[in-house]
Number of protein chains: 2
Amino acid sequence: MVSSSGAEIRKVTIHDVARFAGVSRQTVSRALNGKDEIEGSTKQRVLDAARELGYRPSRFARGLVRQDTTTIGLVIPDLLNPFFTEVAASALEAARTRGWHVVVYDTADRAAEELGTLQVIGSQVDAVVGYFSCSEDELDRYTRGMPMVLIGSEHRTARFSSIRIDGEAGVHAAVAHLIAQGHTRIGMLDHAGRAEPSLRRAWFLTAAAAHGIDAGLVAGADQSADGGGAGLRALLAAHPDVTAVFTFNDIIAIGALREARRMGRSVPRELAVIGFDGLALGALVEPPLTSVALDTHRLGALAIDQVGRLLTGADPLDADELVVHAELRPGGSA
Amino acid sequence: MVSSSGAEIRKVTIHDVARFAGVSRQTVSRALNGKDEIEGSTKQRVLDAARELGYRPSRFARGLVRQDTTTIGLVIPDLLNPFFTEVAASALEAARTRGWHVVVYDTADRAAEELGTLQVIGSQVDAVVGYFSCSEDELDRYTRGMPMVLIGSEHRTARFSSIRIDGEAGVHAAVAHLIAQGHTRIGMLDHAGRAEPSLRRAWFLTAAAAHGIDAGLVAGADQSADGGGAGLRALLAAHPDVTAVFTFNDIIAIGALREARRMGRSVPRELAVIGFDGLALGALVEPPLTSVALDTHRLGALAIDQVGRLLTGADPLDADELVVHAELRPGGSA
DNA sequence: TCAACATCCGTGAACGTTCACGGGAGCGCT
DNA sequence: AGCGCTCCCGTGAACGTTCACGGATGTTGA
């Protein structure tokens, strides 16, 4: 696994440049870093020497002596999922304003990759932000005392802080909206795959119960458009009288939208659809997606903000500040 | 900009752990890295001490002595653009299989951010892959001898290597397809903003000329769905007899699709639309987008492959191998 | 009893850079 | 002459870790 196959690339150091230019290390350092206390001609000579030899400073040596660069790791289950992309983009932006570097890891939603990432990440970054599906014990074992901010998953121990997504009111509003439109048979497409049912499902169930309607109309769906289509077919096969669906996220909703069109059911007249996430993508489909939207921009920025506080030792935000609320955003699909 | 505001976080080193556990540095190193030549009880004692003190090894010191970690920088104009997301995702995947780390920079499509990234990137990564809009002179000045792979933009000097996107045959096929459908007034929505016209536009023009149709029906559009909509309106206002459009990319095409629907023109019967990129997103809209598709997965993988060759000194791929061809992929929009 | 060996642990050195300090040359001023 | 100052430049030290080597102790075998 060691990287040296072709021409044995010998690293050229500041020493070599110094010798080549006939000066000392320190003078080279001065020339390269634009410090003063150096004469113009000498500086130029050193710069020429550096270019001649193809010198590039070692980030390790530099980082060792000046402790000013911070790098954070961003762990994402699937960058192709627009929701995570939006979160990642906002996190990158927030990090950029602080002058931080962000190493991105895509775990491809596989537990094995997640573990592998955890093992390797500890010795590469100063702090971690992201989504994790493994247990907090495992998480802790691999990240020993590193500042960590979890997104979406509620933490149980004080070891971590996490950004909570509060969609309870938003989902309640969504169900209320559907009922106001006259719907009484409202189904849900939850995600499939995870062991335990989702929080969003729980919110949906309590909202349905609060309005006195049947809350048992739930089917599973993969987190993809195709999964949403298949889920809708299964749901309607089991419960043909369903006239409205709430979905785990917008990707599933968009798949359901497409499937409804293929089945010849017009949206929202013959089938109302409400998603969750509020992706920008929702505005591109027809009809525009109604969604319980959350501010992904704030989500990423909040995560970076908190990790920064943990990093500098400043007083961290506490749980009730680390919340992103979701609210119903009307489109045309419900 | 120095990061120490709250509790003066003093770094705990391997020395502190050694003293606390009553052993030497080397023994601590052995325990932490799972080497042998250490007794079980001693190892446990060291591990406990490390946890007690909250010790975490310095990645700089470690990287300085063992030269086995490579980090590459990935520079992307806009992560929210699905095309770049797909490229980034495939690059991340390719890097992961090699055990490399990827630092991602989103330049937000602004020249200032690009320059800022270039300045800071040189001392942080071993090689760079990505999109750049600045001149090769500037590029070279900030990245002095660092292996670089440019995507999309053709390089002129031997200093860089770049992945070329060859869409000539694909665009030709697209125009031929439209003409076979009976279209004679075919417009194009090129991107706006850049100084010089795009290669895709040149391909379109030659293809149109080859078929003997008017090639002057071009309007500009921002690289967004809204931009595509506005572009389509402008194009149709100037040339009301246009019955088909080829667009700079799929995002613009999807915006045009939406705008056509809003104007009451059915697609593809009253207006045919062909995009460029072949995004997965194209399958989600109605009708599914016909597009001159390129293999984004191969694009990212190829870039990482080449940067790896440059890094190890292995013989790099030459220009005619660094090409991704685009071909017409039928959807339902043309 | 002594050599030979295995097991465990510690000591200098090195990685490549920047920081703190010191020193020489040149100049002006008293 | 002597002092002080500015302008350049160089030398030890430090950052925190791992590598190469050597030493100490216990165990085995003849």
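In this text, all values refer to a predicted model and were calculated from it rather than measured experimentally.

**Student:** Give me the lowdown on the interface of chain B and chain A, citing residues and values where you can.
**Tutor:** Between chain B and chain A, the contact holds 59 residues from the first and 59 residues from the second. A buried area of about 5,300 Å², summed over both sides, lies between chain B and chain A, and 57% of it is on carbon and sulfur atoms. Scanning the region where chain B abuts chain A turns up six salt bridges. The salt bridge partner of A:R59 is B:D126, with a shortest N-O separation of 2.7 Å. On inspection of chain B and its partner chain A, the count reaches 20 residue pairs in polar contact (both at pLDDT 80 or more). Secondary structure elements with two or more residues in the side of chain B that touches chain A: α4 (59–65), α5 (82–97), β2 (101–106), α6 (111–121), α11 (250–262) and α12 (296–312) of chain B.

**Student:** Can you explain the UniProt feature "domain: HTH lacI-type" (unreviewed entry) in chain A? Please cite residues and give values.
**Tutor:** According to UniProt, the positions carrying the feature "domain: HTH lacI-type" (unreviewed entry) are residues 12–66 of chain A. Each end of residues 12–66 of chain A is marked by a C-alpha atom, and these two atoms are 21 Å apart; helix forms 69% of the span and strand 0%.

**Student:** Please provide a residue-by-residue account of the protein's contact with DNA strand C, values included.
**Tutor:** Around DNA strand C, 28 residues are found, and the nearest of them are A:I14, A:Y55, B:R25, B:T27 and B:T42. Taking the atoms of DNA strand C that fall within 4 Å of the protein, sugar and phosphate contribute 59% of them. In this structure, a base oxygen belonging to DNA strand C sits 2.5 Å away from a side-chain N or O atom of B:R25. B:E37 has a polar side-chain atom sitting 3.0 Å from a base nitrogen of DNA strand C. Those elements that place two or more of their residues in the surface near DNA strand C are α2 (25–33) and α4 (59–65) of chain A together with α2 (25–33) and α4 of chain B.

**Student:** Which residues make up the packing of helix α10 (residues 225–238) of chain A against helix α11 (residues 250–262) of chain A, and what are the values?
**Tutor:** All names here are of chain A. Where α10 contacts α11, the axes come no closer than 6 Å and their chain directions differ by 60°. In terms of their interaxial angle, α10 and α11 are classed as oblique. For the pair α10 and α11, the sense of crossing is right-handed. In contact with A225, D226, G228, G229, L232 and R233 of α10, α11 contributes I251, I252, G255, A256, R258, E259 and A260.

Rules used throughout
The residue numbers shown here count from 1 along each chain, following its written sequence. Chains carry letters and ligands carry numbers; both start at the beginning, A for chains and 1 for ligands, and go up in the order they are written. Only residues with pLDDT of at least 70 get local features here, since the model is predicted, and only at 80 or more are side-chain atom pairs given and counted; chain-wide, interface and lining totals rely on the full set of residues. Side-chain calculation: all heavy atoms of the structure are included, whereas hydrogens and water are not. Whether two residues are in contact is decided by their heavy atoms: any pair within 4.5 Å suffices. In short, buried area is how much 1.4 Å probe accessible area vanishes from two parts on joining, totalled over both. We count a salt bridge whenever a side-chain nitrogen from Lys or Arg sits within 4 Å of a carboxyl oxygen from Asp or Glu. A 3.5 Å cut-off defines polar contacts: any pair of N or O atoms within that distance qualifies, except that in protein one atom must be a possible hydrogen donor and the other a possible acceptor, and neighbouring residues in sequence count only when both atoms are side-chain atoms. For the purposes of this entry, the term helix denotes a DSSP run of H or I that reaches at least four residues, the term strand denotes a run of E that reaches at least two, and both are numbered from the N terminus. UniProt positions are given in the numbering used here, feature names are shortened, and annotations may be inferred rather than shown by experiment. Throughout this document, a residue counts as near a molecule or strand when at least one of its heavy atoms sits within 4 Å of that molecule or strand. Axis lines are fitted through C-alpha atoms, for helices just across the contact stretch, and the angle between N-to-C directions can take any value from 0 to 180 degrees. Any angle that is under 35 degrees is reported as roughly parallel, and any over 145 degrees as roughly antiparallel; angles of 65 to 115 degrees are reported as roughly perpendicular and all others as oblique. In a left-handed crossing the near helix is turned counterclockwise from the far helix by less than a right angle, and in a right-handed crossing that turn is clockwise.

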